[in-house]
Amino acid sequence: MFKILVLLTLYTPRDDAIEFQNRDRLSCMRFLRMGLEDVVPDAKTIWLFGEQLTRAYAIKAVFADSDARLKGKGYLAMPTQIIDTSIIAAPR
């Protein structure tokens, strides 16, 4: 479930959208270590898990610990961005 929250943080979709992405994208399934036959948590379950961590004042600590571990291994976690390049002229 924590890895699903990581995906929410990186891609910033809604809970129901991340449920779809976890079912649809092989990269998400691989990150979550799920197979095609595995059951993906539904949007309500994802939301409730995040709410429980937030109410327990644990979500910041959990993400800080995870971020520190990544930094210790030389990684920097950053949200993804989608950039519309349709107005940029192609080089000649």
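What you see is a predicted model, and the numbers here were worked out from it, not measured in a lab.

What counts as what
Residues numbered from 1 in each chain as written. Predicted model: local features only at pLDDT ≥ 70, side-chain atom pairs only at ≥ 80, totals over all residues. Heavy atoms only, no water. Helix = DSSP H or I, 4+ residues; strand = E, 2+ residues; numbered from the N terminus. Contact = heavy atoms within 4.5 Å. Areas by Shrake-Rupley, 256 points an atom, 1.4 Å probe, with all protein chains shown as cover. Phe/Tyr/Trp six-rings, centres within 6.5 Å; stacked < 30°, edge-to-face > 60°. Buried < 20%, exposed > 50% of the residue type's maximum accessible area, 1.4 Å probe, protein only. Lys NZ or Arg CZ within 6 Å of the ring centre and 35° of its normal. Salt bridge = Lys/Arg side-chain N within 4 Å of Asp/Glu carboxyl O. Expected span 1.5 Å × (residues − 1). Arc of directions from axis to C-beta.

Here we come to the overall build of the chain. What the chain contains, in helices and strands, is five helices and zero strands. Moving toward the C terminus, one meets the helices and strands of the chain in the order α-α-α-α-α. Across the chain, the fraction of contacts at a sequence separation of at least 24, relative to all contacts at a separation of at least 6, is 58%. Accessible surface, the chain as shown: approximately 7500 Å² in total, 59% of it carbon and sulfur.

The next point concerns the packing of aromatic side chains. For the structure shown, the criterion picks out one aromatic pair. With centroids separated by 5.1 Å and ring planes inclined at 50 degrees, the aromatic side chains of Phe 2 and Phe 63 adopt a geometry described as tilted. Note that Phe 2 is positioned in helix H1 (residues 2-11) and Phe 63 in helix H5 (residues 59-72), a separation of 61 residues in sequence. Looking at Phe 2, the relative accessible area reads 24%, which means it is partly exposed. Judged by its relative accessible area of 24%, Phe 63 is partly exposed. Cation over ring: Lys 3 sits above Phe 31, and NZ or CZ is 5.3 Å from the ring centre.

Think of it this way: side chains of opposite charge can pair up when their charged atoms draw near. Considering all chains together, one arrives at three salt bridges under this definition. A salt bridge links Arg 55 to Glu 51, with the nearest nitrogen and oxygen atoms 3.8 Å apart. Of this pair, Arg 55 and Glu 51 both sit in helix H4 (residues 43-55), separated by four residues, roughly a single helical turn. By relative accessible area, Glu 51 is classed as partly exposed at 23%. The partner of Arg 69 in a salt bridge is Asp 65, with the nearest N and O atoms 3.1 Å apart. With Arg 69 and Asp 65 both in helix H5 and four residues apart, this pair spans about one turn of that helix. The class of Arg 69 is exposed, set by a relative accessible area of 58%.

Let us look at H5. If you check H5, its first and last C-alpha atoms are 20 Å apart, about what 14 residues at 1.5 Å a residue would give, namely 20 Å. Two residues or fewer after H5 comes Gly 74, characterised by a positive phi angle close to 90 degrees.

With that settled, consider H4. With 13 residues, H4 extends 18 Å between its outermost C-alpha atoms, agreeing within 8% with the 18 Å of an ideal straight helix rising 1.5 Å per residue. When we look at burial in H4, the residues that qualify are Ala 43, Ile 46, Gly 50 and Leu 53. In a view along the axis of H4, the buried residues occupy a sector of 100 degrees, so they form one face of it. Every exposed residue of H4 that faces more than 90 degrees away from the buried side is listed here: Lys 44, Gln 52 and Arg 55.

What follows concerns unusual backbone geometry. Within the chain, Arg 33 stands out as a residue other than glycine whose phi angle is a positive 55 degrees. Overall, the relative accessible area of 72% leaves Arg 33 in the exposed class.

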